[in-house]
Each structure stands twice: as structure tokens, then as C-alpha cells.
Amino acid sequence: MAFPKVVAFDTDWTLWQNVTTNGVWGKGPGAAPKLEDNMYRVDPFTIGDVSSVLDNKVSIKVFGDISRIINDVLKNGAQLAIVARTNKALSDRALYYFNTINPADDKEWSIIHLVKYDEVVDESKTTQFRRIIGYSQSDPMDMIHFEDEAFNNCVRIEAAVTFKLCLDKQGVTWDLYQEGISHWHRVKNLTIRSNPSDPPQRKLIGYSGLSTDWIKRVNVLKEGMIDTEFGYRWGYCLYVTDDIKIARFFRDWEIRLGRESYVNEVWVNDYATWANLNKVWVRENAGDLPQMNSTGWSLEASGQNQEARDRTIESKWGVKTPYVMFSRHYWFQDVPHPKQRFSEMMVYTQIQRALVDVVTLSNARTDELAETNPTPVPFHQQIKEWNITLPQETREEEPTFFNQSI
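1. Some thoughts on the pairing of strand 5 (residues 59–62)
Here is step 1: Burial of strand 5 is one-sided: the residues Ile60 and Val62 facing one way are buried, the residues Ser59 and Lys61 facing the other way are not.
Here is step 2: As defined by bridge partners, strand 2 (residues 16–17) adjoins strand 5 across two bridges and the pair is classed as antiparallel. By the bridge assignment, Trp16 is partnered in strand 5 with Val62.
Here is step 3: Of the strand pairs in this sheet, strand 4 (residues 46–49) and strand 5 are connected by three bridges, and their pairing is antiparallel. Of the residues in strand 5, the one forming a bridge with Thr46 is Lys61.

2. Topic: the environment of Ile47
Here is step 1: Within the fold, Ile47 resides in strand 4.
Here is step 2: Taking the relative accessible area as the measure of exposure, Ile47 reaches 0% and is therefore buried.
Here is step 3: Remark: the alpha-carbon pair of Ile47 and Glu119, spanning 72 residues in sequence, is separated by 22 Å.
Here is step 4: Ignoring sequence-local partners within four residues, the contact set of Ile47 consists of Trp25, Met39, Tyr40, Val42, Val58, Ser59, Ile60, Ala94, Tyr97 and Phe98.

3. Considerations on the packing of helix 7 (residues 244–256) against helix 11 (residues 363–372)
Here is step 1: Interhelical geometry of helix 7 versus helix 11 gives an angle of 145° and a closest axis separation of 9 Å. Judged by the sense of rotation from one axis to the other, the crossing of helix 7 with helix 11 is left-handed. Of the residues in helix 11, those in contact with Ile244, Lys245, Arg248 and Arg251 of helix 7 are Asn363, Thr366, Asp367, Leu369 and Ala370.
Here is step 2: Considered class by class, the residues forming the contact of helix 7 with helix 11 number three nonpolar, two polar and four charged.

4. Considering the packing of aromatic side chains
Here is step 1: Tallied over the full model, the rule gives 25 aromatic pairs.
Here is step 2: On the numbers, 5.8 Å between centres and 80° between planes, the contact of Trp253 with Phe332 is edge-to-face. In this pair, Trp253 is assigned in helix 7 and Phe332 in the loop between strand 16 (323–329) and strand 17 (342–347), connecting sequence segments 79 residues apart.
Here is step 3: We classify Trp253 as partly exposed; its relative accessible area is 31%.

5. A look at the sheet that holds strand 5
Here is step 1: If you trace the four strands from one edge of the open sheet to the other, you get 2-5-4-3, paired in antiparallel fashion. Of all strands in the sheet, those with a lone pairing partner are strand 2 and strand 3 (39–43), marking the two edges.
Here is step 2: Sheet analysis places strand 3 next to strand 4, joined by four bridges and oriented antiparallel. Bridged to Met39 within strand 4 is Asp49.
Here is step 3: Along the sheet face, helix 2 (residues 88–97) touches strand 2, strand 3, strand 4 and strand 5 and points at about 30° away from the line of strand 3.

6. Comments concerning the state of the cysteines
Here is step 1: What the rule picks out here adds up to zero disulfides.
Here is step 2: Residue Cys166 stays outside any disulfide, its sulfur separated by 15 Å from that of Cys154, the closest cysteine.
Here is step 3: By relative accessible area, which is 3% here, Cys166 ends up buried.
Here is step 4: No disulfide involves Cys237; its nearest neighbouring cysteine sulfur is the one of Cys154, lying 16 Å away.

7. Considerations on empty space enclosed by the protein
Here is step 1: Under the criterion given, the structure shown has one cavity of 30 Å³ or more.
Here is step 2: Counted as a void, the largest cavity has a volume near 150 Å³.
Here is step 3: Sorting the residues of the lining of the largest cavity by element identifies helix 4 (154–159), helix 9 (299–317) and helix 10 (349–355) as the ones contributing at least two each.
Here is step 4: The biggest single contributor to the lining of the largest cavity is helix 10, with three residues.
Here is step 5: Classifying every residue of the lining of the largest cavity gives six nonpolar, four polar and two charged.

Rules used in this analysis
- Residues numbered from 1 in each chain as written.
- Predicted model: local features only at pLDDT ≥ 70, side-chain atom pairs only at ≥ 80, totals over all residues.
- Heavy atoms only, no water.
- Buried < 20%, exposed > 50% of the residue type's maximum accessible area, 1.4 Å probe, protein only.
- Helix = DSSP H or I, 4+ residues; strand = E, 2+ residues; numbered from the N terminus.
- Pairing = 2+ DSSP bridges.
- Contact = heavy atoms within 4.5 Å.
- Axes fitted to C-alpha atoms, helices over the stretch in contact; angles between N-to-C directions.
- Left-handed = near helix turned anticlockwise from the far one by under 90°.
- Nonpolar A, V, L, I, M, F, W, Y, C, P; charged D, E, K, R; others polar.
- Phe/Tyr/Trp six-rings, centres within 6.5 Å; stacked < 30°, edge-to-face > 60°.
- Disulfide = S-S within 2.5 Å.
- 1 Å grid on protein atoms, 1.4 Å probe; cavity = no way out; pocket = protein on both sides within 12 Å on 5 of 7 lines; lining within 4 Å.
- Points joined across faces, edges and corners; volume = space filled by probe spheres on them.

Structure, rendered in C-alpha cells:
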């Protein structure tokens, strides 16, 4: 069975309880000059601080399933990575004291000696993963990262690495690890053609008004973008419309922000895979479905928002990530089609990377299509063919519109 080529873990509250950050260790009487020399092995599962040995206030305890999990990672031939923003010397010393069985010889090894990529540095985890991508020459969609802080799902948004969040300071349990590997399998399936003997069918699925930066990210870099100056109410991703006039409106919006921008056709390179993807059409005013209704969100807030949205969509409708989302958008001033809502489609980074590219249109061609064929692929008429889950509450929000899809 396929398995990720690189499996990465954060450290604090992911591999162990408590933290290995500056300002915590080596603060008691008789502390060693080097922070890491204050660590000592209490037992196979616990590390204490020699400078706080009397009150035992500073310690870390490895979560119970970690040894088994790392053994399984190595048994499946994956490379082990540590990707964290804590103190590297402390982290490395902790990983030296904590052990697992190396499946290569069935002997006990310090975990640090099994780590292929030791990326512990205080910088964006997207930057850390880009280094690993370069070192390993692996596709980011062949990687998974386990992490306790939601804002680090930037690795999925920007770099297309599968991300699995550890909730409630419970670390990586065996069950959560298995869920993460299952999640990665669904991502990997985006790159596996359902019928390799037939040539893939390329097909137009909509339009998008994009800056030249976005166009480069879609077609060349094959990655996403976090853009806090623009409103991304359903998370950071590629937003697509079925109406070229709407795409032209948002092109002009981008231009007003000082960005060189164009209308683009949005194409999928394998229509059979696209049609079978998980998709859901959500009600715009669903109060229990988190949205980002303004610009300038912090990474922590936007990360929590996306993770909560994914969990809600799975729990309510059984639609698991990776998925494509559809919604109706409220009308606002100067949008074409006065007083009418319009349809939007959200294509998240891993699907974008695997299946999507854009063709940039000249302004003259955009205006021509706006007059002759503005909506060649109405989203609401693709519900059956595109395998879009349409909840009853969504249909009831705008019954006349969705009755046209039947």
C-alpha cells in the first residue's frame, strides 16, 4: 500500500506534553550553562530539569503511542522529519533521551538518530517544508505533517503538504495517526488516474479574476497563497465563478488594489478524477459553518477557522478533505446582475496542484465572451455529474434556483 515519503512531526504537545522553548528550562538554582544540559532522563517516558529537581515543575513526558508510531513510519519506508519552532538544542536532547525500536535491526535507538530532516528553527513552517522538498526531491503531496497548532496548516495552504491537527493537547495518538495516513491516501488519489489506459480529458470548469502572482502560483509554482488583504470567506484558496462577468468584476477589484490582474479560464486536466472528487454545496448563511468575513485575519484565527470548517463539513455531511466547496454569494454594490446572488466554487490547494491550471484571457477576449457566452458551465447544473453533495438546508435556502438543477 502507498505510504507518504516524508512523515513530519512538531514536538511540543505533539510528541510530548509540555514545551521545550526558551525561558522555561534551566531557571532553577545550579542550572547548567547550556540549556540542554539541564535535561535528565527520569524514566523512559519522562525528562526532568536538574535545576528544578526539588519542585519538579519543569518536565516533559512523551505521549504513549509515539514510539509505536515512529516505528511504523520507518517500517513503511518513510523518512522521518521534525519540523518545529522551539529550541533546537532542547528538542534534539529530548529526542536523544526518548527511544523507539528501529525496524531495520529490531533494536532500541534514540529517536534523534532516526530523524532524516531536523528542521527546528523559528521561522515559517512553509519555509521549513520547502527546504525538505528541496533536500528530498519529493513532491509535497507525498508528505504529511502532524501538529498541535492550527495556524501551521499554512503548510497545506501554501505548499500542499497534508496537515493533521492534534486536538486538546492530546498529542499524536495511534488513532489520530491512522486518520492522518487515511487523509493522505485521499490526497494521493488526486494524482492517480482512475483509468490510466484512456487519455485524460481536459475540461473548462469556470473563470477566475486573478493577479499575476496568483496565476504564477497556479500554473508554475503549483502552490497556494495566504493573502490577508483580500476577503477569503471560505478560507485561502482559488475562488472560481461560473460567470465570466463576475470574474471580470473581481479582476477589476484586484486592479484597484494595485495588482496587475486578468480574467482566466479555469481548466481541469483530468475530468474523470475531477468529477469523482468530494464536493459539497453549503448554505451561505449556515451559522454553524465557520467563515472568515473580513480581511486581516491572524494565521492562528484563520487556521482554527479552516480546521473547524473541515470538521463541521465531515460531521454534518460526511464529506472529507480534500473537497471542493460551492456556495452562493450575496449581492453587493456594483456586482453584475443587480440584486442577484452569484455562485462561487472554492478549490483548495492540493486539488488545485493536482488537477487545475488557468488560461489567461486578454481584456478584449474577456469582453467578447461576456457578451456571447458568459456562463458556459453553470455550477448548479453540474450537481449530479460533478458528484456535489447538496444538503437539504442548502436547497431550502434558495429553492427556485436549485430546482433548476434537477
